[in-house]
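Here's the letter readout for the chains.
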Number of protein chains: 2
Amino acid sequence: MANAGAAAEISSRDKILDAAETLFAKRGYAGIGLREVAETVGLGKSSLFHHFRNKPQLYAAVATRILVRIEDRLMRSLAAGGDPLTRLERWLDVLIDVLAENPSWARLLLRSLFEDDDLPGDTPEELEAHATVGRIVAAATTLLREGVSTGQLRMANVPHLLLTLVGATVFPFASGEFGQEVLGKDIFDPGEVRRRKREVRDLLRLGLAVNPTR
Amino acid sequence: MANAGAAAEISSRDKILDAAETLFAKRGYAGIGLREVAETVGLGKSSLFHHFRNKPQLYAAVATRILVRIEDRLMRSLAAGGDPLTRLERWLDVLIDVLAENPSWARLLLRSLFEDDDLPGDTPEELEAHATVGRIVAAATTLLREGVSTGQLRMANVPHLLLTLVGATVFPFASGEFGQEVLGKDIFDPGEVRRRKREVRDLLRLGLAVNPTR
DNA sequence: GTCTATAATAGGATAGAC
DNA sequence: GTCTATCCTATTATAGAC
């Protein structure tokens, strides 16, 4: 039993999830064999099947764990209140922070959008991941619509705006060497994280063009 | 010989590249076996090795072909002239058009950013792809800097802005089912392509927040 | 330029001992 | 809960006939 105050005992299941998260982020679903996951954890390949039925289920468990953790942070940031623009900017700040704190997450999430074709798609674990994405998207949509209806945000195409925001927040933290070369620095560097937040915020507040006639 | 006016004869090499492009976009480098590529083309697996030394070289050839074609379109759009903001907006319109016309490209390009780890990285073919990316990035950087220096664009962090623009243009066309669910329509639908262009343009011109005190 | 045959390796998954 | 042994299939790549 987990004694309060005792050092957290990490279960084999969690160790497997940790290793799989890093590896799947690095080389994708098809690029990682269960042997490599097992070796990283220090187990035999067969032992993984005691904790997860098969490879798709392991992958879905990894994705779901990330999504649930992100959802938790985002929902708590919404609960802090404020007008829609304030909540939107805080939502994006929190999202950027979460992705910056967990270097595997942006990559794994973007990859998982592409890897539909590789996965069965109808297992309970995948449906849970899918439902979590749905709740996050729904919350963001509500927030944006609210901002438009209060007049704090201009009338915009909410679904397209949402895709833009995902692209502007998730993509850079998944961009690896490309981002590194463009920035000349690691995107996970605290200074670059700060600049990323400012970039997103300024784009929303000011746009890019200087338009004195507006 | 290619007689002018005769129906274009498609070489085996090009057929292989076409098939590999579609398949790699769908399931990634590690997710596609050469058997599947060969079957799609209607050749035996071994015949591929007559045209490409190995799998990494085939992948790099696919990526390079896409990048060169995109570079060509973008550079020609720049040559049409105009002030920096005009050229920037045309650049983004052309980029969106190119990605919309070739449904495999955005996915394959985003994937290729993540798949550094899976590839050797130092073959001549990969270096060519890398150099092409470098030229495109350099041209975009010059364009943005020019806009800032003429005062048409606000002072912005150019590298971060560039990551944002890639995220806002490439990501949606790679987002597959996710994008479809967010939009309620296929992103490659002509109407959605138009809306995507407007979304990007409006964000640059107006931002998102309504700011009457500006 | 395409084929068959083959090599050597790695993949996911199961059975059953401990 | 972890292990060894095994099964079957797929992988990249090469050799050599046609």
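Note: the structure precedes this text.
What counts, and where the lines are drawn
Residues numbered from 1 in each chain as written. Chains lettered and ligands numbered in written order. Predicted model: local features only at pLDDT ≥ 70, side-chain atom pairs only at ≥ 80, totals over all residues. Heavy atoms only, no water. Helix = DSSP H or I, 4+ residues; strand = E, 2+ residues; numbered from the N terminus. Buried < 20%, exposed > 50% of the residue type's maximum accessible area, 1.4 Å probe, protein only. Areas by Shrake-Rupley, 256 points an atom, 1.4 Å probe, with all protein chains shown as cover. Contact = heavy atoms within 4.5 Å. Buried area = accessible area lost by both parts, 1.4 Å probe. Salt bridge = Lys/Arg side-chain N within 4 Å of Asp/Glu carboxyl O. Polar contact = N/O pair within 3.5 Å; in protein donor to acceptor, adjacent residues only side chain to side chain. Near = heavy atom within 4 Å. 1 Å grid on protein atoms, 1.4 Å probe; cavity = no way out; pocket = protein on both sides within 12 Å on 5 of 7 lines; lining within 4 Å. Points joined across faces, edges and corners; volume = space filled by probe spheres on them. Nonpolar A, V, L, I, M, F, W, Y, C, P; charged D, E, K, R; others polar. Least-squares fit on C-alpha atoms with pLDDT ≥ 70 in both. Phe/Tyr/Trp six-rings, centres within 6.5 Å; stacked < 30°, edge-to-face > 60°. Core = buried A, V, L, I, M, F, W, Y, C linked by side-chain atoms within 4.5 Å.

Let's shift gears to the overall build of chain A. Counting secondary structure elements, chain A contains 10 helices and zero strands. Counting from the amino terminus, helix and strand elements in chain A follow one another as α-α-α-α-α-α-α-α-α-α. C-alpha atoms of chain A, sized along the principal axes, occupy 70 × 45 × 35 Å. By residue count, 53% of the 214 residues in chain A fall in the buried class. Total accessible area on chain A stands at roughly 9800 Å², and carbon and sulfur atoms take up 53% of it.

The interface of chain A with chain B comprises 58 residues on the first partner and 58 residues on the second. Together, the buried faces of chain A and chain B total about 5800 Å²; carbon and sulfur atoms form 64% of this surface. Broken down residue by residue, the surface that chain A buries against chain B is led by Phe114(A), Arg154(A) and Leu208(A), which jointly contribute 16%. There are four salt bridges connecting chain A and chain B. With its nearest N and O atoms 3.8 Å apart, the salt bridge here joins Arg107(A) to Asp117(B). For the interface between chain A and chain B, the tally reads 22 residue pairs in polar contact (both at pLDDT 80 or more). Those elements that provide at least two residues to the side of chain A that touches chain B are helix H1 (12–31), helix H5 (84–101), helix H6 (105–114), helix H7 (124–149), helix H8 (158–174), helix H9 (176–183) and helix H10 (190–206) of chain A.

Moving on, we get to the environment of Val68(A). Relative to the helices and strands, Val68(A) resides in helix H4 (residues 55–79). Distance in space between the C-alpha atoms of Val68(A) and Ile136(A) is 9.5 Å, their sequence separation being 68 residues.

Around DNA strand D, 16 residues are found, and the nearest of them are Ser12(A), Gly44(A), Ser46(A), Arg35(B) and Lys45(B). Counting only atoms of DNA strand D within 4 Å of the protein, the sugar-phosphate share comes to 51%. Within the side chain of His50(A), an N or O atom sits 3.5 Å from a phosphate oxygen of DNA strand D. Here a base oxygen of DNA strand D sits 2.9 Å away from a polar atom, N or O, in the side chain of Ser46(B). Going through the elements one at a time, helix H3 (45–51) of chain A together with helix H2 (34–41) of chain B are the ones with two or more residues in the surface near DNA strand D.

Residues and elements named next belong to chain A. With respect to the helices and strands, Arg65 occurs in helix H4. Among the polar contacts listed, one links the side chain of Arg65 to the side chain of Glu21, at a separation of 3.1 Å. Residue contacts for Arg65: discarding those within four places in its chain leaves Asp14, Leu17, Asp18 and Glu21.

Attention now moves to empty space enclosed by the protein. For the structure shown, the criterion picks out seven cavities of 30 Å³ or more. What lines the largest cavity is a set of 16 residues, among which Gly28(A), Arg111(A), Glu115(A), Arg111(B) and Glu115(B) lie closest to the centre. Only H1 and H6 of chain A together with helix H1 (12–31) and helix H6 (105–114) of chain B provide two or more residues apiece to the lining of the largest cavity. Grouping the constituent residues of the lining of the largest cavity by class yields six nonpolar, four polar and six charged.

What connects the two chain copies is a rotation about an axis and a shift along it. By a simple turn and slide, chain A fits onto chain B: the slide is 0.0 Å along the axis, the RMSD is 0.1 Å, and the turn is 180°. What the rotation and shift describe, once combined, is the action of a two-fold rotation axis. Identified as the residue of chain A closest to the rotation axis by C-alpha distance is Gly207(A), at 1.7 Å. Most of the interface of chain A is mirrored in chain B: 100% of its interface residues are interface residues there too.

So, about the protein's contact with DNA strand C. Close contacts around DNA strand C come from 16 residues, with Leu34(A), Arg35(A), Ser12(B), Gly44(B) and His51(B) the closest. In DNA strand C, the atoms that sit within 4 Å of the protein are 52% sugar and phosphate, with bases accounting for the remainder. Within the side chain of Ser46(B), a nitrogen or oxygen atom sits 2.8 Å from a base oxygen of DNA strand C. Contact distances for DNA strand C include 2.8 Å between a phosphate oxygen and a side-chain N or O atom of His51(B). Looking at the surface near DNA strand C, the elements that each hand over two or more residues are helix H2 (34–41) and H3 of chain A together with helix H3 (48–51) of chain B.

Scanning all chains against the criterion turns up nine aromatic pairs over all chains. Note on Phe24(A) and Tyr59(A): the rings are 5.0 Å apart at their centroids and 75° apart in plane angle, and the pair reads as edge-to-face. With a gap of 35 residues between them, Phe24(A) in helix H1 and Tyr59(A) in helix H4 connect regions that are remote in the sequence. For the pair Phe24(A) and Tyr59(A), one class covers both residues: buried. Considering the side-chain rings of Phe114(A) and Phe114(B), the 6.3 Å spacing of their centres and the 10° angle between planes classify their relative orientation as stacked.

Counting 144 residues, the largest nonpolar core has Ile70(A) and Ile70(B) as the members making the most contacts within it. Residues in contact with Ile70(B), not counting those within four places in the same chain, are Leu95(B), Val98(B), Leu99(B), Trp105(B), Leu109(B) and Ile136(B).

Another point: the pattern of salt bridges. A side chain with one charge can pair with a side chain of the opposite charge if their charged atoms come near. Residue and element names in this part refer to chain B. The final tally for this structure, using the stated rule, is 32 salt bridges over all chains. The salt bridge partner of Glu36 is Arg27, with a shortest N-O separation of 2.4 Å. Residue classification places Arg27 among the buried residues on the basis of a relative accessible area of 19%. A salt bridge links Asp97 to Lys197; the nearest nitrogen and oxygen atoms lie 2.8 Å apart. A residue pair is termed long-range when its members are at least 10 positions apart, and Asp97 in helix H5 (residues 84–101) and Lys197 in helix H10 (residues 190–206) qualify at 100 residues.

Attention now moves to the environment of Ile136(A). Residue and element names in this part refer to chain A. With respect to the helices and strands, the residue Ile136 is situated in helix H7. Here the alpha-carbon distance between Ile136 and Met75, two residues 61 residues apart in the chain, equals 8.4 Å. Those residues in contact with Ile136 that lie beyond four places of it in its chain are Leu67, Ile70, Glu71, Leu74 and Trp91.

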